[in-house]
Amino acid sequence: MSDESVINYSDRIPNNVDLASDRTLQRALERWQPAFLNWWEEAGPAKTSTLQVYLRTAISVDRDGWANFDYVRMPDYRWGIFLVPRDEGRRIHFGAHKGEPVWQEVPGEYRSQLQRLIVTQGDTEPASVEQQRLLGATCPSLYDLRNLFQVNVEEGRHLWAMVYLLHRFFGREGREEGEALLQRRSGDINNPRILTAFNEQTSHWLAFFMFTFFTDRDGKFQLSALAESAFDPLARTTRFMLTEEAHHMFVGETGIARVIQRTCEVMRDEGLADADPEAVRRHGVIDFDTLQRFVNFHYSVTLDLFGGEISSNAGSSYTGGLKGRYEEEKVGDDHALSQAEYAVPQIDNDVIVAKHVPALTALNARLRDDYKGEIEAAMARWNRVPEKFGLDRRFVLPHVGFHRKIGVFAGRHVSPDGHVLTADAWERESSRWLPTDADHQFVSSLMGRVVEPGRFAGWIAPPVRGINNQPIDFQYVRFD
Ligand code: BYC
């Protein structure tokens, strides 16, 4: 293990960037730290300051750095600054600066663009914690409660990752942005979070699992694109963030799989038909139609997070070397996109057709398509559950144009199967496709607090295994 990969926990702010050698930066971050803790107290998980939670804390940024699990009171969690070690020979591998050494400082010409990307990324992290603030009160099990808190503390750490970059490389403006990240609030009309999906409510656990499945995976793809950056500190910090993100997506994917499993079990035991959702609901589990409506909602809202399909911002970030494609190095082309085209579905005379546009302007659409491929593969894993029970139901993704507020489909109405609709037709039909108030009420009515070790709420199956090889009935959270 090299020294750079070991995290120093003896400093007030744990780090592996030798923070002690830069006193000005250290002092600035130490001033931000109490503001962060105030934000956590005010907007983070409610009524949790005395709980002891079985959490993982990174001890190094190596692959086995996650081996450390212990009980932690969340306000004492050691949030800090962890970057993967520097690769001295790393070169820019796309855009106009291809072949040049990566940058250790911010070039003046890209300063505001980079700052905007970092602020936008940073803003999502506290936003998600705020969205999930009240979920602890209705947890379906101790296992799930612990996972919620693990996700929350790590999103808090992701905020630290971006604030470190702002403080270290963007001077006074960066410090001001660091303050503003603690002042905006998810859903606040006067001072909302930057991106649409992060102002939606996560009012129950079904929404939480859908969010960690769909929206955290946008996080994975955006972080992967930033991990290609020519600005090396951004690439190194996002690489480590990706290791944290994997667990969040696991929570979402397995959470929904367990909900489907439980519904299938009850349908089998009670002899219920998919065609009778009311009967399924009466048995205290979530019917498939409702689950499909939640899939439609969370997928479409998350697609908006990729930005407009055709975007000059994305093109200039790529040419500048600030943000690459997903797994840029594995793509077999000129990595400049000087001639290439990319097909982007768009509405033409009320019909959706794929139109070829310069690939440089279609990078958001491309990243979205990469994301879609991974979502489809994960949904195929969900679909094995009803299949195993001999049920015909398969969950499907709606068309990319469905229920969009950003990009080429914004302001239009598209059905889940990709037909362009009039506003009237949308008005008539959309309650079949998107969760209604009654759906939310029903799902919320199932949510009760289950905190006895090894017990699970009736609407969700237990996981296959516990965390860190612990048994499922382990005391994942202590209340004394
Ligand atoms: N909502 O050229 P356009 C995560 C704005 S999730 C509101 O179409 P661009 C996480 C845009 O800002 C990943 N506004 O798009 C998950 C621009 O405004 P300005 C977060 C939006 O710029 C779970 C204008 O519309 N990371 O980590 O190419 C839990 C035109 O924009 C939206 C990132 O997003 C929207 N949905 O791309 C916790 C990476 N979409 O500049 C965490 C950093 C667009 O004209 N961000 N706009 O005022 C980016 O790469 C880009 O900012 C975007 C947008 C991909 C978001």
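Residues numbered from 1 in each chain as written. Predicted model: local features only at pLDDT ≥ 70, side-chain atom pairs only at ≥ 80, totals over all residues. Heavy atoms only, no water.

Participant: Go over the overall build of the chain, please, and point to the residues and values.
Facilitator: The number of helices and strands found in the chain is 12 helices and 7 strands. The C-alpha atoms of the chain give 23 Å as radius of gyration, which agrees with the globular expectation for 480 residues (23 Å, within 12%). Along the first, second and third principal axes, the C-alpha set of the chain runs to 65 × 65 × 40 Å. Within the chain, the proportion of its 480 residues that are buried is 57%. Summing over all exposed atoms, the chain offers an accessible surface of approximately 20100 Å²; the carbon and sulfur share of this is 47%. Each charge class in the chain can be summarised by its mean position, and for the 55 positive and 69 negative side chains these summaries are 2 Å apart. (Helix = DSSP H or I, 4+ residues; strand = E, 2+ residues; numbered from the N terminus. Rg over C-alpha atoms; globule rule 2.2 N^0.38 Å. Buried < 20%, exposed > 50% of the residue type's maximum accessible area, 1.4 Å probe, protein only. Areas by Shrake-Rupley, 256 points an atom, 1.4 Å probe, with all protein chains shown as cover. Lys, Arg positive; Asp, Glu negative; His and termini not counted. Charge placed at Lys NZ, Arg CZ, Asp CG, Glu CD.)

Participant: Quick one: what's the story with the packing of aromatic side chains, residue by residue and with numbers?
Facilitator: Summed over the entire model, instances satisfying the criterion amount to 36 aromatic pairs. Among the aromatic residues, ring-to-ring pairing joins Trp-32, Phe-36, Trp-39, Trp-40, Tyr-77, Trp-79 and Trp-160 into one connected group. One Lys or Arg, Arg-478, reaches over the ring of Tyr-71 and ends 3.7 Å from the middle of that ring. (Phe/Tyr/Trp six-rings, centres within 6.5 Å; stacked < 30°, edge-to-face > 60°. Lys NZ or Arg CZ within 6 Å of the ring centre and 35° of its normal.)

Participant: An account of the pairing of strand S1 (residues 52-56) is needed here, citing residue identities and associated values.
Facilitator: In terms of burial, S1 is largely enclosed, as 5 of its 5 residues are buried. What you see with S1 is no split at all: Gln-52, Tyr-54 and Arg-56 on one side and Val-53 and Leu-55 on the other are buried throughout. In this sheet, strand S2 (residues 69-73) lies alongside S1 in antiparallel orientation, the contact comprising 5 bridges. Residue pairing in the sheet places Arg-56 in a bridge with Phe-69 of S2. Note: S1 against strand S7 (residues 477-478), 2 bridges, orientation antiparallel. Bridge pairing links Gln-52 to Arg-478 in S7. (Pairing = 2+ DSSP bridges.)

Participant: Just give me the short version of the site of the ligand, but keep the residues and values in it.
Facilitator: Around the ligand, a shell composed of 29 residues is seen, among which Gln-121, Gly-308, Ser-311, Lys-323 and Asn-364 lie nearest. Gln-121 is positioned with one of its side-chain polar atoms (N or O) 2.6 Å from a nitrogen atom of the ligand. Within the backbone of Gly-308, an N or O atom sits 2.7 Å from an oxygen atom of the ligand. Protein contact buries 80% of the 1100 Å² of open area that the ligand shows by itself. Top contributing element to the shell around the ligand by residue count: helix H2 (residues 111-131), with 7 residues. Its residues assigned to classes, the shell around the ligand comprises 9 nonpolar, 13 polar and 7 charged. (Near = heavy atom within 4 Å. Polar contact = N/O pair within 3.5 Å; in protein donor to acceptor, adjacent residues only side chain to side chain. Nonpolar A, V, L, I, M, F, W, Y, C, P; charged D, E, K, R; others polar.)

Participant: Mind laying out the packing of helix H1 (residues 23-43) against H2, listing which residues take part and the relevant values?
Facilitator: Between H1 and H2, the shortest axis-to-axis distance is 9 Å and the interhelical angle comes to 30 degrees. Compared by their axis directions, H1 and H2 come out roughly parallel. Contacts from Trp-39, Trp-40 and Ala-43 of H1 reach H2 at Pro-126, Val-129 and Glu-130. Per-class residue counts for the contact of H1 with H2 are 5 nonpolar, no polar and 1 charged. (Axes fitted to C-alpha atoms, helices over the stretch in contact; angles between N-to-C directions. Parallel < 35°, antiparallel > 145°, perpendicular 65-115°, else oblique. Contact = heavy atoms within 4.5 Å.)

Participant: Which residues make up the environment of Pro-192, and what values do they have?
Facilitator: Looking at the secondary structure, you find Pro-192 in the loop between helix H4 (171-183) and helix H5 (205-226). Discounting residues that sit within four places of it in the chain, Pro-192 has contacts with Arg-184, Arg-185 and Asn-199.

Participant: Talk me through the sheet that holds S2; I want residue IDs and the actual numbers.
Facilitator: With antiparallel pairing, the 3 strands of this open sheet are ordered in space as S2-S1-S7. Each of the sheet's edge strands pairs with one partner strand only, and the pair in question is S2 and S7. Across the sheet, helix H3 (residues 142-169) lies against S1, S2 and S7, angled at about 65 degrees from S1, the strand it touches most.

Participant: Can you tell me about the environment of Arg-157, naming the residues and giving the values?
Facilitator: Take Arg-157: it is sitting in helix H3. Looking at Arg-157, the relative accessible area reads 0%, which means it is buried. When the C-alpha atoms of Arg-157 and Glu-427 are compared, they prove to be 42 Å apart, with 270 residues separating the residues in sequence. Setting aside anything within four residues of it in sequence, one finds Arg-157 in contact with Trp-79, Gly-80, Ile-81, Phe-82, Phe-240, Met-241 and Glu-244. One polar contact links the side chain of Arg-157 to the main-chain carbonyl oxygen of Gly-80, over a distance of 3.0 Å.

Participant: A description of the pairing of strand S3 (residues 341-348) should follow, citing residues and the corresponding values.
Facilitator: In the sheet, S3 pairs with strand S4 (residues 351-358) via 8 bridges, with the strands oriented antiparallel. Bridged to Gln-346 within S4 is Val-353. Where S3 hands over to S4, the hairpin turn is made up of 2 residues, of which Asn-349 adopts a positive phi near 55 degrees.

Participant: Quick one: what's the story with the pattern of salt bridges, residue by residue and with numbers?
Facilitator: For the structure on display, the rule yields 36 salt bridges. Taking the shortest distance from any N to any O, the salt bridge between Glu-154 and Arg-56 comes out at 2.8 Å. Separated by 98 residues along the polypeptide, Glu-154 in helix H3 and Arg-56 in strand S1 bring together distant segments of the chain. Exposure class is identical for Glu-154 and Arg-56. Each is buried. Across the pair Glu-327 and Lys-330 runs a salt bridge whose closest N-O atoms are separated by 3.4 Å. Residue Lys-330 is classed as exposed on the basis of its relative accessible area, which comes to 65%. Overlapping salt bridges bring together Glu-42, Asp-123, Glu-130, Arg-184, Arg-185 and Arg-193 as one network. (Salt bridge = Lys/Arg side-chain N within 4 Å of Asp/Glu carboxyl O.)

Participant: Any chance you could break down the nonpolar core for me, citing the residues and the numbers?
Facilitator: Within the largest apolar cluster, 116 residues are counted, with the highest numbers of intra-cluster contacts made by Leu-29, Trp-205, Phe-214, Ile-260, Ile-286, Leu-291 and Trp-459. If one sorts the elements of this core by residue count, H3 sits on top with 16 residues. Those residues in contact with Leu-291 that lie beyond four places of it in its chain are Leu-206, Met-210, Val-259, Ile-260, Ile-286 and Phe-395. Core analysis: the next-biggest nonpolar cluster, separate from the first, contains 11 residues, Leu-337, Val-344, Val-357 and Ala-365 among them. (Core = buried A, V, L, I, M, F, W, Y, C linked by side-chain atoms within 4.5 Å.)

Everything listed here is a matter of geometry and, on its own, says nothing about what the molecule does.
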